[in-house]
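Topology and contacts: notes
One letter stands for each residue in the lines below.
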Amino acid sequence: MQVGVVDCDTHPIVPLRELVDYVAEPYRSRHFLKDIEEFDQNSSLYTPPATTTRSDSIPPAGGAPGSDPDFLRRQVLVEAGVDYAFLIFLQPKTKFHNPQLDSAVFAAHNEWMADTWLGRHNWHGRYRGSIRVSTHDPIAAAREIEKWAGHPHIGQVYIVPEDPVPLGNPQFHPIYEAAERAGLPIAMHVTGRPGMYNLTPTGFAGYHMETFTQWPLYFMSNMASIVFEGVLDKYPGLKFVNVEGGFSWAAPFLWRLDKVWERMRGELTDCRRRPSEYVAESVRFTTQPLEEPKNHQHLAKAMDWLDASKVLMFSSDYPHYDFDSPTWVMRQLGRDRKEQVLAGNAIELYGLPSERPRDANDDEREKFLADPLSGTISLVRKTTAPQYFAEQED
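The sections below set out a description of the structure shown in this document. (Residues numbered from 1 in each chain as written. Predicted model: local features only at pLDDT ≥ 70, side-chain atom pairs only at ≥ 80, totals over all residues. Heavy atoms only, no water.)

Considering helix H5 (residues 138-148)
Note the threshold: Exposure classes here rest on a 1.4 Å probe applied to the protein chains alone. A residue is buried below 20% of its type maximum, exposed above 50%, and partly exposed in between. In DSSP terms, a helix is any run of H or I states spanning at least four residues, a strand is any run of E spanning at least two, and both are numbered starting from the N terminus. Any pair of residues with heavy atoms lying within 4.5 Å of one another is described as a contacting pair.
All buried positions along H5 are accounted for by Pro-138, Ala-140, Ala-141, Ala-142, Glu-144, Ile-145 and Trp-148. The elements touched by buried residues of H5 are helix H4 (99-120), strand S3 (127-132), strand S4 (154-159) and helix H6 (173-182). Looking one or two residues beyond H5, the residue adopting positive phi is Gly-150, at roughly 95 degrees.

A closer look at the side chain of His-11
To keep it simple, the criterion reads: Any pair of N or O atoms that falls within 3.5 Å is considered a polar contact. Within protein, one atom must be able to donate a hydrogen and the other to accept it, and sequence-neighbouring residues count only if both atoms are side-chain atoms.
For His-11, the position within the fold is in the loop between strand S1 (6-10) and helix H1 (16-19). Accessibility expressed as a relative area gives 3% for His-11, which makes it buried. At a separation of 3.2 Å, a polar atom in the side chain of His-11 contacts the side chain of His-189. Every residue in contact with His-11, bar those within four places of it in the chain, is listed here: Gly-66, Ile-88, Leu-90, His-189, Glu-244, Asp-317, Tyr-318, Pro-319 and His-320.

Digging into the pairing of strand S5 (residues 186-189)
Let me state the cut-off plainly: A pair of strands counts as paired when DSSP detects no fewer than two bridges linking them. Whether a crossover is right-handed depends on one test, that the path from the first strand over the helix to the second runs clockwise when the strands point away from the viewer.
Residues Ile-186 and Met-188 point to one face of S5 and Ala-187 and His-189 to the other, with burial holding for every one of them. Pairing between S4 and S5: three bridges, direction parallel. Looking at S5, one finds that Tyr-158 is bridged to Ala-187. Note that the unit made of S4, H6 and S5 has a crossover that is right-handed.

Concerning the pairing of strand S2 (residues 84-87)
Neither face of S2 is exposed, since Tyr-84 and Phe-86 on one face and Ala-85 and Leu-87 on the opposite face are all buried. Of the pairings in the sheet, the one linking S1 to S2 comprises three bridges and is parallel in character. Bridged to Val-6 within S2 is Tyr-84. As paired strands, S2 and S3 are joined by three bridges and run parallel to one another. Each bridged residue has a counterpart across the sheet, and for Ala-85 the counterpart in S3 is Tyr-127.

Regarding the packing of aromatic side chains
Operational definition: When two rings of Phe, Tyr or Trp (its six-membered ring) have centres within 6.5 Å they constitute a pair, described as stacked for plane angles under 30 degrees, edge-to-face for angles over 60, and tilted for the intermediate range. Charge over a ring is defined by NZ of Lys or CZ of Arg lying within 6 Å of the ring centre and within 35 degrees of the ring normal.
Under the definition given, this model contains 10 aromatic pairs. Centre to centre, the rings of Phe-172 and Tyr-176 are 6.5 Å apart; their planes meet at 45 degrees, and the pair counts as tilted. Of the two residues examined, Phe-172 and Tyr-176, each falls in the buried class. Between Trp-255 and Trp-305, the aromatic rings sit 5.4 Å apart at their centres with planes inclined by 65 degrees, giving edge-to-face as the arrangement. Of this pair, Trp-255 sits in helix H10 (residues 250-264) while Trp-305 is found in helix H12 (residues 296-306), placing the two residues 50 residues apart along the sequence. Three or more aromatic residues link up through ring pairs in this structure, and these residues are Phe-89, Trp-112, Trp-117 and Tyr-127. If you follow Arg-54 out to its NZ or CZ, it ends over the ring of Phe-323, 4.2 Å from the centre. Cation over ring: Arg-273 sits above Tyr-278, and NZ or CZ is 4.6 Å from the ring centre.

Dropping the structure here:
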């Protein structure tokens, strides 16, 4: 089968009770034997009303969206028509104040993921995992990367951009060196951390929509740090992926970085080329959330400015309420960008095959395409927060 869609942002759920047996001592006894459900209840202070997930992604037997492997497979691989899905688990949340605990929990997460979603649930071989590491325990993080290097279904390293230290800082170099050596890109995905990690340049936001629209600021700050502090010059084989931060801001931001570099590059001894050149070679962006201007030509121009056919990759953000389907995104891209953004750029970055073996999911998809009403995904183009969802269906 020709690979036509690679989803760079799919979110299953980690059941904390399943994770416990994988956590090494003394962290298991110290943090998990009681109040286990409280361990990760420090999620975002800025969430939309009710929930962040689509109401049609709740499994038939109940439970959280993304918790039922077969139902996720049905909605992502069969109904959405995704050929390869990159799995990014947003739980457990990063705890910067305790890097050793982070390392222990993330090591357990990676083992659990390898056994489940990349093991018995990956009978079709179409899932790729994102290993988690503690950025503030860089030596342990490098060891974890080395451990999983070469695993056939591990696709990247996942860190969060809400780090209290800009990611160009030399303290992170052991992680970058290990990732470059392993040939694994580093994906940054926002998690909506509470407290100081949602601090904006002018203080704290009051509503979900404020912090949601300011997510690109995380990527801007870290991109400037990574470029100007010489990370991409020191590790030329290293790749970064900005996940779920949009992309329309990137080209004007790069223009500004280039202008500053031209005027003040005497200070930037570790940045020997234009920032835009480093980014074009080593940084990729994902489509979600795709901007929707009233004049579609404005979006087309933004894609041209960024040279989207070379640096942009598709992401759906399943199963969240702002999910973008491949068919809808396809119509926004234009003929000359469609193949590269939906699959080509990801195939090149991750070393995926351009063709894959046919499997039972393809048989199911043929039946679904013949009778779309048999599907589980709402016919609404993009679902919104659940309190509005029922009204839209009516």
